[in-house]
Amino acid sequence: MAQYGGLGGLGGLGGLGGLGGLGGLGGLGGSTNFTGLGGFLGVEDPGGHDPMTTHGLQTTAEGLRHLTEGGTMPTDQELGFSDPNTLGGLATWVRGSLYVSEFLAGIGSEAIDGTPQKATLSFDGQTCLTLHRPGTHLLRAQCRFVSDYATLRAERSAEITSQLGFPTPYFAMMLGLHSAQNTKTFELITATQVAAAHAAMIVKNHLAIRRPDQLDARLMPMIPTPGHGSFPSAHATEAYAVLTVLEALITAWDSLSDGPQRIAVLRGLAERITVNRTVAGVHYPIDSWAGATLGKIVGQVVLNRAGAGSAIDVMTYTPDDHDFFDEDHRTGNIASGMGLTATGDSFTLDSKPAFSWLWSGAVAEAQKV
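Structural notes, computed from the coordinates. Please read all numbers here as calculations on a predicted model, not as lab measurements. (Residues numbered from 1 in each chain as written. Predicted model: local features only at pLDDT ≥ 70, side-chain atom pairs only at ≥ 80, totals over all residues. Heavy atoms only, no water.)

**Structural notes on the environment of arginine 156**
Looking at the element boundaries, arginine 156 is found in helix 5 (residues 153-162). On the accessibility criterion, arginine 156 (11% relative accessible area) is buried. Along the sequence, arginine 156 and arginine 272 sit 116 residues apart, while their C-alpha atoms lie 9.9 Å from each other. Once you skip the residues sitting within four places of it in the chain, arginine 156 turns out to touch Arg272, Val275, Asn276 and Val279. (Helix = DSSP H or I, 4+ residues; strand = E, 2+ residues; numbered from the N terminus. Buried < 20%, exposed > 50% of the residue type's maximum accessible area, 1.4 Å probe, protein only. Contact = heavy atoms within 4.5 Å.)

**Quick notes on the nonpolar core**
Membership of the largest hydrophobic core comes to 88 residues, with the highest contact counts inside it found for Phe103 and Val298. Apart from residues no more than four positions distant in its own chain, valine 298 is found in contact with Phe103, Thr192, Ala195, Ala196, Ala199, Thr237 and Ala241. (Core = buried A, V, L, I, M, F, W, Y, C linked by side-chain atoms within 4.5 Å.)

**What to know about the pairing of strand 1 (residues 107-112)**
One face of the sheet, then the other: side chains in a regular strand alternate in exactly this way. Where strand 1 lies against strand 2 (residues 118-123), 6 bridges are found, and the strand directions are antiparallel. Within strand 2, the position partnered with isoleucine 107 by the bridge is phenylalanine 123. What sits between strand 1 and strand 2 in their antiparallel hairpin is a turn of 5 residues. (Pairing = 2+ DSSP bridges.)

**Things to note about helix 10 (residues 285-305)**
Taking 1.5 Å per residue, 21 residues should reach 30 Å; helix 10 reaches 30 Å between its end C-alpha atoms and fits that length. Of all 21 residues in helix 10, 20 are buried; the element is thus mostly enclosed. Directly beyond the C-terminal end of helix 10, a positive phi value near 75° is found at glycine 307. (Expected span 1.5 Å × (residues − 1).)

**Structural notes on the packing of aromatic side chains**
Within this structure, the stated rule accounts for 7 aromatic pairs. Here the aromatic rings of tyrosine 99 and phenylalanine 355 are separated by 5.3 Å at their centres, their planes lie at 40°, and the arrangement is tilted. Here tyrosine 99 is found in helix 3 (residues 92-105), whereas its partner phenylalanine 355 is found in helix 12 (residues 353-363), with 256 residues between them in sequence. When sorted by exposure, tyrosine 99 lands in the same class as phenylalanine 355, which is buried. Relative to phenylalanine 324, the ring of tyrosine 240 lies with its centre 6.1 Å away and its plane at 90°, an arrangement referred to as edge-to-face. Separated by 84 residues along the polypeptide, tyrosine 240 in helix 8 (residues 234-253) and phenylalanine 324 in the loop between strand 4 (315-317) and helix 11 (326-329) bring together distant segments of the chain. Both residues of the pair, tyrosine 240 and phenylalanine 324, belong to the buried class. By way of ring pairs, the aromatic residues Phe231, Tyr240, Trp289, Tyr317 and Phe324 are connected into one cluster. (Phe/Tyr/Trp six-rings, centres within 6.5 Å; stacked < 30°, edge-to-face > 60°.)

**Quick word on the pattern of salt bridges**
Following the criterion strictly, the structure yields 11 salt bridges and no others. The salt bridge partner of arginine 95 is glutamate 187, with a shortest N-O separation of 2.7 Å. Here arginine 95 is found in helix 3, whereas its partner glutamate 187 is found in helix 7 (residues 183-207), with 92 residues between them in sequence. For glutamate 187, a relative accessible area of 1% corresponds to the buried category. For aspartate 124, the salt bridge identified is with arginine 305, shortest N-O distance 2.9 Å. Residue aspartate 124 is located in the loop between strand 2 and strand 3 (126-132), and its partner arginine 305 is located in helix 10; the two are separated by 181 residues in the primary sequence. Aspartate 124 sits in the partly exposed class, given a relative accessible area of 38%. Here arginine 305 falls in the buried class, since its relative accessible area comes to 1%. (Salt bridge = Lys/Arg side-chain N within 4 Å of Asp/Glu carboxyl O.)

Structure, rendered in structure tokens:
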């Protein structure tokens with residue numbers, strides 16, 4: 001009867017967290033963003049059978065093995081050596097490990113104990129981001145924004161709590177994605193989020209900035225204070241990395257008649273996810289500035305590794321006492337005195353096989369509206 005209990009045989013997908021690793025639902029635990037594989041963790045790992053099934057399979061194999069005697073031997077043909085065509089036959093969590101490996105293989109960082117103190121991030125030896133460490137006086141000044149944003153908590157509580165992990169369902173809603181039709185697009189989103197999380201953790205570790213509630217007793221977060229530094233915001237990094245990749249994907253699809261509107265709502269979503277962390281009481285607006293800047297660069301790196309990227313920006317952010325708005329953050333407004341500047345010639349990176357395979361699969365899932 002189990003075969004028909006809610007599509008029993010297919011119910012085994014429940015072991016994948018409802019395709020959580022592909023749909024981002026695996027990240028709802030809050031900390032799973034930063035477990036190495038994030039939303040990929042365990043996806044399509046078969047695990048084990050229940051004891052009765054295990055015993056039944058064993059006795060069936062013993063009872064039928066005699067029927068295989070005298071037959072032809074299995075083929076000795078091997079799978080292709082280092083062949084991207086084998087990627088489709090791997091479990092999703094294994095591909096997730098390959099994406100992480102490809103992304104982190106060329107990453108580098110440096111902490112510079114000067115005046116000001118700063119941290120840099122590089123790929124293949126080329127520095128793409130410099131973040132100046134904010135001083136305590138600026139952090140205390142930024143606490144007023146955190147206090148003001150708290151008035152939005154009741155309105156946004158559902159968003160904030162459901163975005164503790166990867167907010168993939170929100171991006172899916174904006175593009176009309178469906179798990180049966182867009183498996184590679186979901187996988188691309190998750191790979192981007194995991195890459196962004198890793199990059200953010202590397203920089204956070206150098207800069208070591210206290211959270212708002214650790215500086216001001218009046219700021220009582222509505223969610224647990226995360227166990228890592230505040231600057232830059234990893235949620236902002238992830239949101240803007242996904243935005244950058246999806247903008248490129250929509251262009252590659254070239255099939256959405258309302259593409260500009262979709263991009264507009266995606267940009268609004270990235271801003272909203274970012275600001276929600278300040279509403280929750282765990283981030284200063286300058287964290288959002290730094291995270292959004294890092295996120296755009298991570299998205300550009302992912303696209304380069306997929307063989308689909310334009311030049312990667314080289315940026316410097318010197319925190320100043322401003323609130324965060326997407327319109328202010330756009331590259332066209334970096335000369336507006338907000339502390340974000342382009343500081344070098346852009347560059348490109350070599351593509352990698354796993355990301356390239358994934359990008360091709362996502363492009364083939366073009367939506368038509």
